[in-house]
Amino acid sequence: MIKLSKSSIGGEEKKAVVEVLDKEYLGMGEDVKEFESLLQDFFGRHVVCVVNGTAALHLALQGCGIGVGDEVLVPSLTYVASFQAISATGAKPVACDVSIKTLSLDFNDVENRITKNTKAIMPVHFTGSVGDLEQIYNIAEKYNLRVIEDAAHAFGSIHKSKLVGSFGDIACFSFDGIKNITSGEGGCIVSDDPVFIKLVKDARLLGVHNDSENRYTGKRTWSFDVTHQGWRYHMSNIMAAIGIQQFRKLEKFKLIRQSHAKLYDSLLNDNPKLKTLQNDYSAILPHIYVVRVLGMNEESRSHLRARLWDAGIETGHHYQLNHNLSFFKDSSIISLHNSEQLSSELITLPLHIDLTESDIRYVSAKLQEYL
Ligand SMILES: *Cc1c(COP(=O)(O)O)cnc(C)c1O
């Protein structure tokens, strides 16, 4: 079976985990500090490591003071994590449409959905590409909104010569098992706003003031005050040890993922039934490889995916639209035209580090044969 996605773990990660186990200090300590400082040098900004990408989004929203009565604009075409992180604060996720061209937020639709309760925009960097991010920041400036980038797909992506996360307001990344790099589970928040970072650092350790600094040196805080709601969202040393080794492989992983995506593009670009995304795979680091099958519906996609499965190929569909899920159904959302059309036309093909060139040729050939 050619897997849709998987982790790529070598002897380095295994050795690093055993070293943490041998130290018998498993929680948040010096390894987390080391991983954070590597990431801080990488982004040139403050970084806070947490237990997963969803927690990163939740803490980022809370750190912006977002809560009950507030609205956050987010594309419906995203993983349910983006929506759940918003609703976890008590705020309302307001589903927006995406652009047919970029599959990221449609900035005109975003502007139309702003109300007096809107506090933030959460663009999602679908597949690793940021879409019309400049226009999103222009709108945010015009209406005085925070921007929390769901950059879970985009760790290591470059946009206009700048690393995603190294500019803008706030970026949240995921290090779950199948993302561009992994720490087992894990995630991080990146920003250069020191007031925000202080709030987030305390909130990841139950709101205990300055506990992070003590934990880095293996100590605990025994007498403290708490002024805000906090959570147990910190990263552990075991996770950080894996993350550090994966981070060292980033350039290698990047070249492999980019060359896989370029090969898919070259094999699929000329098929009139398909539309490949207009991603620049010399700049972005793709987390997933998605194509549009023109005119496909839910039923024909199920059929296609079943046939590919029988040929030994696992595929996916990113994503079901969130505003159609029971918990997030919203009668005030009028048709998200592009999202509705796209969501049944998209199919995700295998993309991971251990895929071979012949796997990609086989997947592309079978896909086109079945079309
Ligand atoms: C993976 C992902 C997340 C959440 O990250 P976790 O580490 O799985 O919690 C959020 N948004 C998107 C778009 C993702 O793909």
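Residues numbered from 1 in each chain as written. Predicted model: local features only at pLDDT ≥ 70, side-chain atom pairs only at ≥ 80, totals over all residues. Heavy atoms only, no water.

## So, the pairing of strand E11 (residues 289-293)
Item 1. Most of E11 is tucked away: five of the five residues are buried.
Item 2. As defined by bridge partners, strand E10 (residues 274-276) adjoins E11 across three bridges and the pair is classed as antiparallel. In the sheet register, lysine 275 faces E11, and the bridge partner there is arginine 292.
Item 3. Bridging between E11 and strand E12 (residues 346-349) involves four bridges; their strand directions are antiparallel. Bridge pairing in E12 places valine 291 opposite isoleucine 347. (Buried < 20%, exposed > 50% of the residue type's maximum accessible area, 1.4 Å probe, protein only. Helix = DSSP H or I, 4+ residues; strand = E, 2+ residues; numbered from the N terminus. Pairing = 2+ DSSP bridges.)

## Some points on the environment of serine 364
Item 1. The topology assignment puts serine 364 in helix H13 (residues 357-370).
Item 2. Counting along the chain gives 97 residues from serine 364 to leucine 267, while the straight-line C-alpha distance between them is 6.6 Å.

## Notes on the site of the ligand
Item 1. As a structural note, the neighbourhood of the ligand is formed by 16 residues, with Gly53, Thr54, Asp150, Ser174 and Lys179 the closest of them.
Item 2. One nitrogen or oxygen atom from the side chain of threonine 54 is found 2.6 Å from an oxygen atom belonging to the ligand.
Item 3. Taking serine 174, its side chain carries an N or O atom lying 2.7 Å from an oxygen atom of the ligand.
Item 4. Relative to its free-state accessible area of 380 Å², the ligand is covered by the protein chains to the extent of 93%.
Item 5. Elements represented by at least two residues in the shell around the ligand include exactly helix H3 (53-63) and helix H4 (80-88). (Near = heavy atom within 4 Å. Polar contact = N/O pair within 3.5 Å; in protein donor to acceptor, adjacent residues only side chain to side chain. Areas by Shrake-Rupley, 256 points an atom, 1.4 Å probe, with all protein chains shown as cover.)

## So, the sheet that holds E10
Item 1. Across the sheet, three strands lie side by side as E10-E11-E12; this open sheet has antiparallel pairing. Since the sheet does not close on itself, it has two edges, and those belong to E10 and E12, each with one partner. Looking at each pair of strands side by side, their axes are set apart by 35° on average, direction ignored.
Item 2. Its contacts with the sheet put helix H10 (residues 250-268) on E10, E11 and E12, and the angle it makes with E11 is roughly 20°. (Axes fitted to C-alpha atoms, helices over the stretch in contact; angles between N-to-C directions. Contact = heavy atoms within 4.5 Å.)

## Some points on the packing of helix H1 (residues 11-23) against helix H9 (residues 237-248)
Item 1. The interhelical angle for the contact between H1 and H9, taken along N-to-C directions, is 150°, at an axis separation of 9 Å. With respect to each other, H1 and H9 are oriented roughly antiparallel. Classified by chirality, the crossing of H9 by H1 is right-handed. Contact residues: Glu12, Glu13, Ala16, Val17, Val20 and Leu21 in H1; Asn237, Ile238, Ala241, Ile242, Gln245 and Gln246 in H9.
Item 2. Here the contact of H1 with H9 is built from residues that sort into seven nonpolar, three polar and two charged. (Parallel < 35°, antiparallel > 145°, perpendicular 65-115°, else oblique. Left-handed = near helix turned anticlockwise from the far one by under 90°. Nonpolar A, V, L, I, M, F, W, Y, C, P; charged D, E, K, R; others polar.)

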